[in-house]
Amino acid sequence: MTHVHLDNVNVSIPIYDSHSLRLIRLPSLGKAGVGTDSATRDHGVIFIHALKNICLDLEEGDRVCLIGHNGAGKTTLLRIVAGIYPITTGAIKVAGKRFALLGGSIALNSDATGYENIRLIANLYDWPRDRYNDIVREIEQFTELGEYLSLPTRIYSAGMQARLAFALATEQNPDILLIDEGIGAGDAQFQKKSSERVQQFVTRARILLLASHSRDLCRSMCSKALVLSKGEGVFFGDVDQAFDVYASMS
Amino acid sequence: MSLRVRSSANNLWKSLSWAWLDTVCQYRRSRIGPLWETINVLVMLIGLTVVSSSVFGSSIFAIIGHAGIGIIVWSAIASLVFESPGTFVRNCGYVTNSMLSIDLYVGRAVFKTLITFSHHFVIFFVGVLFGLVPIGWVSLLAIPGIVLLFVNGFWVAMALGLICARFRDVEPFVRNIMQLAFFVTPVFWNYRQISVDRRYLVDGNPLFYFIEIIRKPLLGEVPPPSFYGAVLGVTVCGYALAYYVHRRMRRQLAFYL
């Protein structure tokens, strides 16, 4: 059974800074606001308390958006569910194949051609070999890049690169999908086409965690929302209510 | 268990094809492509052989095989060590944003070096063609030597990759040591040329054994078993170190970058 359980999770992110040994003192973090709620110092290392006492239980079918100001801990929460960051205290249980779409999109290798990029991603993410040719054809049709797919992605326009990266990202089939800051690509006409693909992509996943500032996006994709403020969960429930809470905070 | 073995084998395959793509892309816009790799080492090899032959007063033809293979193997060792500190730093975007196994970045670094090494190795066959180095059944003994060298590449890339991601002062230190090691190790000079009371400098140098188990067979000699013993010892200790470092640092890796 696919699920995500976070029990009293705290995450402190260490900021490493070796100022002590340099002959010429470079601007260091020595005077950062340490000793406050959000940062402490321990053995010369500054810790940012990015998440505090987070409890979250997600079961199959849950579609949750994370709302909060910049630095509220949305991406950190996605990263701990993804297993990229370790938790400091508390307990975390995640069952299911995860895919995280953080930092905008899937990174393309700019010197490789479109086809080579497809092959690389297929290889890294274990796409089924027997369906590979079908998938490539599907991506060809969807991106409408034609013969450009045989050329290095370096020469693509930003929009073309985005189309390919988008197509590659939405080809994944995870149980748990983690998305940071929305998803989408290209010009107006392409946007309509891509929103259909996003819907399919999101529907295939059993659990969705989406960090976003867009009310419309959250409404269309999610059934619940978690509002974060300075690393703490301040509201969990209906999406519209969550946005009201969020609006009252600012 | 068998699942883990299968996934490791799968990761090896993935990182090999990734490294292959890296190499293809790197040379795509160059006319002679990876031949540059071969030429670079060839120039270095000829230059150092000439210098070495005049410094130590032997004929160029007498030492070109020894020095040449030494330099080819050394470039592999040096590039394994030089690439290692950046194993994860280079893949920062992947490490912090995706959930790919970190073994892939290790494999990517090691296989990149292996592919480059195979381009350098062409020079050996050129040497055979000109009758400068012998070839025979003993030459095949170089294969286990090469395998052992690259097997060690994995622990070096894992351990140094993690340590250098956390402690940024280690990389320049490692570069320093390797530069010194080039002169201290009998790469382009011969073990016999060092005075007896200083031989401990070579005997205690693990890199010497890594070179010899590849070089000796290619010059028609069988390496003494103790040389393999030394290399296997380093391999075991190295993997133990990498295991320890991995256990201590793996979870924190994304914080280091």
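Each residue is numbered by its place in its chain's sequence as written, counting from 1. Here the convention is simple: chains get letters from A, ligands get numbers from 1, in the order in which they are written. The predicted origin of the model limits local features to residues at a pLDDT of at least 70 and limits the giving and counting of side-chain atom pairs to 80 or more, whereas totals for whole chains, interfaces and linings rest on all residues.

## A short note on the overall build of chain A
- Tallying secondary structure elements over chain A gives 7 helices and 10 strands in all.
- We call two residues in contact if the C-beta atoms placed from their backbones are at most 7 Å apart. For chain A, the proportion of contacts with a sequence separation of at least 24, taken over those separated by at least 6, is 70%. Here a helix means four or more residues in a row that DSSP labels H or I, a strand means two or more in a row labelled E, and each is numbered from the N terminus.

## Here's the deal with the overall build of chain B
- Helix and strand content of chain B: 11 helices and 0 strands.
- For chain B, the N- to C-terminal ordering of α and β elements is α-α-α-α-α-α-α-α-α-α-α.
- Compactness check: chain B gives a C-alpha radius of gyration of 19 Å against a globular reference of 18 Å for 257 residues, within 12% of the reference.
- The principal-axis extent of the C-alpha atoms belonging to chain B is close to 55 × 45 × 40 Å.
- Residues classed as buried in chain B amount to 36% of the 257 residues present. Restricting the calculation to C-alpha atoms gives the radius of gyration, and the globule rule supplies 2.2 Å times the number of residues raised to the power 0.38. Burial is judged by counting other C-beta atoms within 10 Å of a residue's own C-beta: 20 or more means buried, 12 or fewer means exposed, and anything between counts as partly exposed, with every C-beta placed from the backbone.

## Concerning the nonpolar core
Residues and elements named next belong to chain A.
- Core analysis: the largest hydrophobic core is formed by 115 residues, its most contacted members being Leu178, Leu210 and Ala225.
- Domain ranges listed in this record stem from an automatic or a database domain assignment. If you count residues domain by domain, this core takes at least three from each of domain 1 (3–96 + 212–249) and domain 2 (114–205).
- Setting aside its immediate chain neighbours within four residues, Leu178 contacts Leu78, Val81, Ala82, Arg98, Ala100, Leu101 and Leu209. A set of buried residues qualifies as a nonpolar core if it consists of Ala, Val, Leu, Ile, Met, Phe, Trp, Tyr and Cys joined through C-beta atoms within 7 Å.

## Quick look at the packing of helix H6 (residues 142–166) of chain B against helix H9 (residues 206–218) of chain B
Residues and elements named next belong to chain B.
- Taken N-terminus to C-terminus, the directions of H6 and H9 make an angle of 160°; their axes are 8 Å apart at the nearest point. Judged by the angle between their axes, H6 and H9 are roughly antiparallel. Judged by the twist between their axes, the crossing of H6 over H9 is left-handed. The segment H6 lies against H9, with Ala142, Gly145, Ile146, Leu148 and Leu149 engaging Phe210, Ile213, Ile214, Pro217 and Leu218.
- Any residue outside Ala, Val, Leu, Ile, Met, Phe, Trp, Tyr, Cys, Pro, Asp, Glu, Lys and Arg is labelled polar, Gly included; the first ten of those are nonpolar and the last four are charged. Here the contact of H6 with H9 is composed, by residue class, of 9 nonpolar, 1 polar and no charged. Angles shown run from 0 to 180 degrees and are taken between the N-to-C directions of axes, each axis being a line fitted to C-alpha atoms and, for helices, limited to the stretch in contact. To sort the angles, those under 35 degrees are grouped as roughly parallel, those over 145 as roughly antiparallel, those from 65 to 115 as roughly perpendicular, and the leftovers as oblique. By definition, any crossing whose near helix is turned counterclockwise from its far helix by less than a right angle is left-handed, and any crossing with a clockwise turn is right-handed.

## Examining the confidence of the model for chain A
- Predictor confidence is given residue by residue as pLDDT, running from a minimum of 0 to a maximum of 100. Per-chain confidence: chain A averages 85 in pLDDT, with 88% of residues scoring 70 or above.
- Mean pLDDT values over the elements of chain A span from 76, in strand E2 (residues 39–42) of chain A, up to 93, in helix H2 (residues 114–124) of chain A.

## Details of the domain arrangement of chain A
Residues and elements named next belong to chain A.
- Along its sequence, chain A is organised into domain 1 (3–96 + 212–249) and domain 2 (114–205).
- Listed per partner, the contact involves 11 residues of domain 1 and 7 residues of domain 2.
- Among the secondary structure elements, those contributing two or more residues to the side of domain 1 that touches domain 2 are helix H1 (74–82) and helix H6 (215–221).
- Among the elements that take part in the side of domain 1 that touches domain 2, H1 stands out by supplying 4 residues, more than any other.

## Considerations on the environment of Cys164 of chain B
Residues and elements named next belong to chain B.
- When you line up the elements, Cys164 lands in helix H6.
- Judged by local crowding, Cys164 falls into the buried class, with 22 C-beta atoms found within 10 Å.
- For the pair Cys164 and Pro85, spaced 79 residues apart in sequence, the C-alpha separation works out to 5.2 Å.
- What Cys164 contacts, discounting residues up to four positions off in sequence, is Pro85, Val170 and Glu171.

## Details of the pairing of strand E8 (residues 207–211) of chain A
All names here are of chain A.
- When you tally the buried positions in E8, you get 5 out of 5 residues, the bulk of the element.
- Side chains Ile207, Leu209 and Ala211 project from E8 onto one buried face, and the interleaved Leu208 and Leu210 project onto a second face that is buried too.
- Direction of pairing for strand E4 (residues 63–67) relative to E8: parallel, over a ladder of 4 bridges. The partner of Cys65 across the bridge, within E8, is Leu210.
- DSSP calls a pair of strands paired once it identifies at least 2 bridges connecting them. Note that strand E7 (residues 176–180) and E8 share 5 bridges and pair parallel. Bridge assignment links Leu178 to a residue of E8, and that residue is Leu209.

## With respect to the confidence of the model for chain B
- Considering every residue of chain B, the mean pLDDT works out to 91; 100% of them sit at 70 or more.
- At the level of chain-chain contacts, confidence expressed as ipTM amounts to 0.86, with global pTM at 0.90.

## Things to note about the pairing of strand E3 (residues 45–59) of chain A
Residue and element names in this part refer to chain A.
- Judged from the 10 bridges that link them, strand E1 (residues 3–15) and E3 form a sheet pairing that is antiparallel. The residue bridging His3 from the neighbouring strand is Glu59, located in E3.
- One ladder, built from 4 bridges, connects E2 with E3; its direction is antiparallel. Paired with Arg41 across the strands is Ile46, a residue of E3.

## Focus: helix H3 (residues 60–83) of chain B
- With 24 residues, H3 of chain B extends 32 Å between its outermost C-alpha atoms, agreeing within 8% with the 34 Å of an ideal straight helix rising 1.5 Å per residue.
- The element H3 of chain B is extensively covered by neighbouring structure, given that 18 of its 24 residues are classed as buried. To estimate how far a helix should extend, the number of its residues minus one is multiplied by 1.5 Å.

## Section: the interface of chain A and chain B
- Listed by partner, the interface residues are 20 residues for chain A and 18 residues for chain B.
- Listing elements by their share of the side of chain A that touches chain B, those giving two or more residues are E1, strand E6 (98–101) and H2 of chain A.
- Here the side of chain A that touches chain B takes 4 residues from H2 of chain A, the largest share from any one element.
- When the residues that make up the side of chain A that touches chain B are grouped by side-chain class, the tally is 13 nonpolar, 4 polar and 3 charged.

## Section: unusual backbone geometry
Residue and element names in this part refer to chain A.
- Residue Asn53 is not a glycine yet carries a positive backbone phi of 50°.
- Mapped onto the fold, Asn53 is located in strand E3.
- When the 14 C-beta atoms within 10 Å are taken as the criterion, Asn53 is described as partly exposed.
- For Glu144, which is not glycine, the phi dihedral falls at a positive 55°.

## Structural notes on the packing of helix H3 (residues 132–143) of chain A against helix H4 (residues 158–169) of chain A
Residues and elements named next belong to chain A.
- Across the interface, H3 lies against H4 with an axial gap of 10 Å and an inter-helix angle of 140°. Here H3 is positioned oblique relative to H4, judged by the angle of their axes. Crossing of H3 over H4 shows right-handed handedness. Of the residues in H4, those in contact with Ile139, Phe142 and Thr143 of H3 are Arg163, Leu164 and Ala167.

## Observations concerning helix H10 (residues 225–249) of chain B
Residues and elements named next belong to chain B.
- Between its first and last C-alpha, H10 extends 36 Å over 25 residues, near the 36 Å set by a 1.5 Å rise per residue.
- Those residues of H10 that sit buried are Ala230, Val231 and Ala242.
- On its buried side, H10 packs onto H6 and H9.

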